[in-house]
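Coordinate analysis (summary)
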Amino acid sequence: MFLTKDELKTAGVPEIIAKVTNGDDTIITTVIEESIDDMKGYLNANFDAVAIFNTTGDDRNKTVLKYLKKIVIYELYKRKGNLLDDDTITSYDDAMAWLKNVAKGIISPHNLPAKSPGENSTSGDGFIKFGSNTKYPTGY
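These remarks concern the structure in this document.

Thresholds applied
Residues numbered from 1 in each chain as written. Predicted model: local features only at pLDDT ≥ 70, side-chain atom pairs only at ≥ 80, totals over all residues. Heavy atoms only, no water. Phe/Tyr/Trp six-rings, centres within 6.5 Å; stacked < 30°, edge-to-face > 60°. Helix = DSSP H or I, 4+ residues; strand = E, 2+ residues; numbered from the N terminus. Buried < 20%, exposed > 50% of the residue type's maximum accessible area, 1.4 Å probe, protein only. Lys NZ or Arg CZ within 6 Å of the ring centre and 35° of its normal. Contact = heavy atoms within 4.5 Å. Axes fitted to C-alpha atoms, helices over the stretch in contact; angles between N-to-C directions. Core = buried A, V, L, I, M, F, W, Y, C linked by side-chain atoms within 4.5 Å.

A full pass over the atoms with the stated rule returns three aromatic pairs. Pairing Phe2 with Phe53 gives two aromatic rings, centres 4.9 Å apart and planes at 70°, and the pair type is edge-to-face. Of this pair, Phe2 sits in the segment before helix H1 (14-21) while Phe53 sits in helix H3 (residues 49-53), placing them 51 residues apart in sequence. Assigned by exposure class, Phe2 and Phe53 land together as buried. Plain terms: the ring middles of Tyr67 and Trp98 are 4.6 Å apart, the flat faces sit at 25° to each other, and that makes the pair stacked. Of this pair, Tyr67 sits in helix H4 (residues 62-78) while Trp98 sits in helix H5 (residues 86-104), and the two are 31 residues apart along the sequence. Residue Tyr67 is classed as buried on the basis of its relative accessible area of 11%. Trp98 sits in the buried class, given a relative accessible area of 8%. Taking the ring centre of Phe2 as reference, the NZ or CZ of Arg60 above it sits at 5.9 Å.

The next subject is the environment of Ala103. Within the secondary structure layout, Ala103 lies in helix H5. Residue class for Ala103 comes out partly exposed when judged on its relative accessible area of 26%. With 62 residues separating them in the primary sequence, Ala103 and Gly41 have C-alpha atoms 8.7 Å apart. Residue contacts for Ala103: discarding those within four places in its chain leaves Tyr42, Ala45 and Asn46.

At a minimum axis separation of 8 Å, helix H2 (residues 25-43) and H5 run at an interaxial angle of 35°. Where H2 approaches H5, its residues Met39, Tyr42 and Leu43 are matched on the opposing element by Met96, Trp98, Leu99, Lys100, Val102 and Ala103.

Moving on, we get to the nonpolar core. In a soluble, globular protein the nonpolar side chains are often hidden away together inside. Met39, Leu43, Phe53, Val64 and Leu76 are the most contacted members of the largest nonpolar core, which totals 33 residues. Elements with a contribution of two residues or more to this core: H1, H2, H3, H4 and H5. In terms of residue count, H4 provides more of this core than any other element does, ten residues in total. When residues no more than four places from it in sequence are discounted, the contact partners of Phe53 are Phe2, Ile36, Met39, Lys40, Leu43, Val64 and Leu68.

Put into structure tokens, the structure is as follows:
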């Protein structure tokens, strides 16, 4: 797995995580999987998201891992609304802003595998023309 429960201690307090989940590790695993799925949606615009999240250990991209932890902590703390503090919300907002900028191509993270050229390609040159046909006067 790309992120484990034990690695969340660098982003959140283990006692609070245990309190929020009532000690149920399946909740943490589910939230991690959901958050990875969300991140794939953004990263897949320019990168091979499947390859990114199939890496383990030291091969993982540290920036992606950092922002994933922030998102997971936010989602866990959100389960108990009174645990959401300004720092957690700000961290989540930073992570989402980073993902949006990566998807737009404004930020290009280091060492992420690029998408192969044939992936999600469409026919045409991507140019969209708006408008209608030329208007011709008619007379009877």
